[in-house]
Protein chains: 2
Amino acid sequence: MFFGKKKWDPRGKHCYVTGGSAGLGLGLAVLLAKRGAHVSIVARNQERLDKAMLELEAARQSPDQIIKAYSYSVDQAKEAEAALEAVCGAHGGRSPDALFLCAGKSRPGFFVEQTEESMQMCMQETYWAQAWSALAASKRMVRDGVKGKIVFVASVLGYFSIVGYSPYSPGKFAIRGLAEALQSEFVLYDIGIHICFPGTILSPGYVEENKVKPKITLKIEESDTGLNPEVIAGHLLRGRSLTVYINLILTAVAGVEKGQFHVTYDFIGNVFRASTRGSSPGNNSLLDQVYSMIGAIALPIWRKDVDKQVRAHADEHHQHLASQGLLVSSGASK
Amino acid sequence: MFFGKKKWDPRGKHCYVTGGSAGLGLGLAVLLAKRGAHVSIVARNQERLDKAMLELEAARQSPDQIIKAYSYSVDQAKEAEAALEAVCGAHGGRSPDALFLCAGKSRPGFFVEQTEESMQMCMQETYWAQAWSALAASKRMVRDGVKGKIVFVASVLGYFSIVGYSPYSPGKFAIRGLAEALQSEFVLYDIGIHICFPGTILSPGYVEENKVKPKITLKIEESDTGLNPEVIAGHLLRGRSLTVYINLILTAVAGVEKGQFHVTYDFIGNVFRASTRGSSPGNNSLLDQVYSMIGAIALPIWRKDVDKQVRAHADEHHQHLASQGLLVSSGASK
């Protein structure tokens with residue numbers, strides 16, 4: 001840690017970015033291209049991929065960089081495998097040096113309003129969208145003897161959860177569970193595992209997510225981030241929002257360069273990281289202890305306030321459930 | 001907390017136990033019957049259910065207790081729903097008062113040896129085996145206005161993970177993610193959420209699990225629990241093992257009675273609980289702080305030792321992979 005461990009450098013490396021046509025994925029892909037990496041992005045929408053390619057080409061540092069885009073749905077195992085196969089084709093069949101698994105989506109809602117389909121879809125859009133690529137790439141890295149990197153993207157909602165996130169948090173916690181196992185197991189192969197825990201990402205996905213988010217969840221988050229969702233939607237990727245956004249991307253790459261296992265982005269993220277670290281390798285043992293002590297005092301207070309807000313919302317919520325036909329007519333649940 | 005909050009009492013309550021024909025589930029069902037609860041158990045195997053019914057009948061305290069067994073595979077959404085429907089039939093269609101979600105299985109292995117099928121099967125046997133029952137029962141409890149309890153069963157491997165558990169930990173972490181969201185959300189309904197984090201459960205499932213467990217994982221666990229797996233298999237549910245086992249069951253029920261959100265079983269469990277608690281409601285703020293401080297010192301040391309053991313296993317592991325045809329012939333990966 002102190003004896004000049006060489007920082008990871010993306011220059012000349014083949015970096016594979018899923019969800020690379022928008023949001024955090026595109027931001028990372030552009031930054032990696034600027035740092036001289038070969039960049040392959042994959043995403044569903046061809047039109048968005050074409051637009052992203054213009055940005056990536058503009059970020060290119062040398063004509064030798066191989067920069068390509070591919071259209072696949074990586075939340076399906078077979079497609080994730082096919083995407084990786086295609087991506088490797090441009091590099092003589094060799095595994096990428098680093099995976100940045102940014103594909104994913106959030107679809108919040110009340111648990112009692114979920115269905116088999118919605119729950120499974122959410123697990124697919126959170127956990128499987130990253131696990132399938134990690135599985136296919138791990139096999140290839142190990143086979144080819146590539147001492148590479150796999151970077152998962154969870155969320156602060158992989159550290160804790162609140163009302164409205166029952167379809168989302170399980171998948172983000174699951175990503176942490178996978179990363180924790182692999183961080184131990186891949187010592188066998190000298191493959192580095194990293195996992196990022198960003199807070200709100202001001203991306204097109206966030207605007208979509210807020211359209212279906214329960215009112216009580218929006219209210220709790222409003223006081224949390226200090227950003228009114230309508231304001232965020234309006235100012236998306238402009239002004240202050242852009243600064244926040246660029247900061248997220250720089251932090252992710254810096255965390256990976258420094259070899260951090262858990263990459264967090266701000267004070268809140270650091271407090272939750274330190275307060276839930278258990279046996280996960282830390283970033284700075286002294287500072288982590290300070291964050292953990294702050295968490296021990298502040299988080300129970302914050303949590304009590306959230307519970308209070310939820311309780312105050314109970315009457316309105318029961319009216320909502322009644323209007324959806326989810327209560328017995330006697331109103332016994334009040 | 002200190003002002004005589006009434007302890008939850010299973011007497012006269014309808015308790016629904018999945019995985020209730022063996023292991024922790026059966027142990028809990030027997031204990032609940034002894035405490036005067038109506039008990040419904042569900043499991044796959046009819047023969048095991050019949051045997052379990054003999055134990056449950058022997059534990060009955062009064063002829064009025066409704067004690068029944070049902071055969072369903074609750075890791076499928078439709079079956080979990082049908083099981084609950086059947087169970088409620090014996091209680092005038094009313095939702096159970098408490099769910100104990102003990103159905104589940106562990107199938108460890110190396111990540112690079114997993115397939116789409118094995119990964120999905122593991123998620124089904126861990127996360128979905130509990131989530132589907134929780135979903136069906138939540139809808140019913142909310143509809144009927146039952147201020148009940150839902151008790152999830154994770155594992156200490158829902159707090160951390162090591163080599164060999166990449167198919168298992170994601171599902172156990174996911175259960176925690178769901179429980180964390182619901183613990184906040186169900187303040188709306190006065191429904192209590194609990195989640196247990198047992199260590200090794202000396203059940204028939206554990207013997208099966210050890211048959212496919214990687215050697216390196218067995219080795220790490222050997223020094224951890226002080227129990228040699230062969231010894232455990234031999235002494236299963238006898239002598240010392242039985243004491244450990246009964247202790248697990250008593251702790252689970254005591255934790256639920258006391259209203260603990262995270263129920264842990266021993267010193268190690270308490271250290272991990274306190275060291276990963278974040279904003280989860282704690283059990284005892286002073287003691288949790290002590291456990292957390294012990295964790296801050298001991299867990300990084302333990303973790304370094306585990307990493308060392310994994311690293312020492314690398315050569316043997318690469319020979320194993322080569323024998324499975326999972327390395328390129330050049331041996332580039334050494």
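Treat the numbers as computed from the prediction; the structure is a model and nothing was measured.

According to UniProt, the feature "transmembrane region" (unreviewed entry) maps to residues 148-166 of chain A in the numbering used here. Annotated as residues 148-166 of chain A, this span is 0% helix and 26% strand, and its ends, taken at the C-alpha atoms, are 33 Å apart.

The next subject is the sheet that holds strand β1 (residues 14-18) of chain B. Residues and elements named next belong to chain B. Read from one edge to the other, the open sheet built from 7 strands follows the order β3-β2-β1-β4-β5-β6-β7, with strand pairing classed as parallel. Unpaired on one side and paired on the other, β3 (67-71) and β7 (262-264) mark the two borders of the sheet. Each adjacent strand pair in this sheet contributes to an overall mean axis angle of 15°, direction not counted. Pairing of strand β2 (residues 38-43) with β3, which is carried by 5 bridges, proceeds in the parallel orientation. What sits directly across from Ser 40, in β3, is Lys 68. Together, β2 and β3 form the strand contacts of helix α2 (residues 46-59), whose direction differs from that of β3 by roughly 170°. Those strands touched by helix α5 (residues 169-185) are β5 (149-153), β6 (192-197) and β7, and its axis lies near 155° from that of β6.

This part covers the nonpolar core. Membership of the largest hydrophobic core comes to 136 residues, with the highest contact counts inside it found for Tyr 127, Ile 150 and Phe 152 of chain A together with Tyr 127, Ile 150 and Phe 152 of chain B. Beyond its immediate stretch of four places on either side in the chain, Ile 150 of chain B contacts Leu 99, Leu 101, Ala 134, Ser 138, Met 141, Phe 186, Ile 191, Gly 192, Ile 193 and His 194 of chain B.

It is worth spelling out the environment of Met 121 of chain A at this point. Structurally, the position occupied by Met 121 of chain A is in helix α4 (residues 116-144). A C-alpha to C-alpha distance of 10.0 Å links Met 121 of chain A and Lys 105 of chain A, two positions 16 residues apart in sequence.

Moving on: the interface of chain A and chain B. If you look at the interface, chain A gives 78 residues, while chain B gives 78 residues. Between chain A and chain B, the buried area comes to about 6200 Å², and carbon and sulfur atoms account for 64% of it. Among the residues of chain A in contact with chain B, Phe 111, Leu 188 and Ser 279 of chain A are the three that bury the most area, contributing 12% of the side total. Our count for the contact surface shared by chain A and chain B stands at 2 salt bridges. Its salt-bridge partner being Lys 78 of chain A, residue Glu 116 of chain B comes within 2.4 Å of it at the nearest N-O pair. At the junction of chain A and chain B, the tally comes to 20 residue pairs in polar contact (both at pLDDT 80 or more). If you list the elements that add at least two residues to the side of chain A that touches chain B, you get α3 (77-89), α4, α5 (169-185), α10 (267-275), α11 (285-312) and α12 (314-323) of chain A. The element contributing the most residues to the side of chain A that touches chain B is α4 of chain A, with 16 residues.

Along helix α6 (residues 204-212) of chain A, the positions that sit buried rather than exposed are Tyr 206, Glu 209 and Asn 210 of chain A. Seen along its axis, α6 of chain A keeps its buried residues to an arc of 100°; they face one direction.

Quick look at the pattern of salt bridges now. Residue and element names in this part refer to chain A. With the rule as written, the count across this model stands at 32 salt bridges over all chains. The closest approach of N and O atoms between Arg 60 and Glu 57, which form a salt bridge, is 2.8 Å. Judged by relative accessible area, which is 23%, Arg 60 ranks as partly exposed. The exposure class of Glu 57 is partly exposed, given its relative accessible area of 36%. Between Asp 307 and Arg 303 there is a salt bridge, with its nearest N and O atoms 3.5 Å apart. With Asp 307 and Arg 303 both in helix α11 and 4 residues apart, the pair spans about one turn of that helix. The burial state of Asp 307 is the same as that of Arg 303; both residues are buried.

Glancing now at α11 of chain A. Over its 28 residues, α11 of chain A runs 40 Å from end to end, which matches the ideal 40 Å to within 8%, given 1.5 Å per residue. At Ala 296 of chain A, α11 of chain A shows its largest kink, close to 35°, and the proline Pro 300 of chain A lies no more than four residues downstream.

We now examine the environment of Ala 98 of chain B. All names here are of chain B. Position of Ala 98 among the secondary structure elements: in strand β4 (residues 98-101). The exposure class assigned to Ala 98 is buried, which follows from its relative accessible area of 0%. Along the chain, Ala 98 and Lys 13 lie 85 residues apart, while their C-alpha atoms are 7.5 Å from each other. Excluding its chain neighbours within four sequence positions, the residues that come into contact with Ala 98 are Trp 8, His 14, Cys 15, Tyr 16 and Lys 149.

Below, the discussion takes up unusual backbone geometry. Most peptide bonds take the trans form, and the phi angle of most residues other than glycine is negative. We note that Asp 190 of chain A has phi near 60°; this positive angle belongs to a residue other than glycine. Here Asp 190 of chain A lies in the loop between α5 and β6 (192-197).

Thresholds, definitions, all that
Residues numbered from 1 in each chain as written. Chains lettered and ligands numbered in written order. Predicted model: local features only at pLDDT ≥ 70, side-chain atom pairs only at ≥ 80, totals over all residues. Heavy atoms only, no water. UniProt positions renumbered as here; feature names shortened; annotations may be inferred. Helix = DSSP H or I, 4+ residues; strand = E, 2+ residues; numbered from the N terminus. Pairing = 2+ DSSP bridges. Axes fitted to C-alpha atoms, helices over the stretch in contact; angles between N-to-C directions. Contact = heavy atoms within 4.5 Å. Core = buried A, V, L, I, M, F, W, Y, C linked by side-chain atoms within 4.5 Å. Buried < 20%, exposed > 50% of the residue type's maximum accessible area, 1.4 Å probe, protein only. Buried area = accessible area lost by both parts, 1.4 Å probe. Salt bridge = Lys/Arg side-chain N within 4 Å of Asp/Glu carboxyl O. Polar contact = N/O pair within 3.5 Å; in protein donor to acceptor, adjacent residues only side chain to side chain. Arc of directions from axis to C-beta. Expected span 1.5 Å × (residues − 1). Bend = angle between axes of the 7 residues up to and from the residue.

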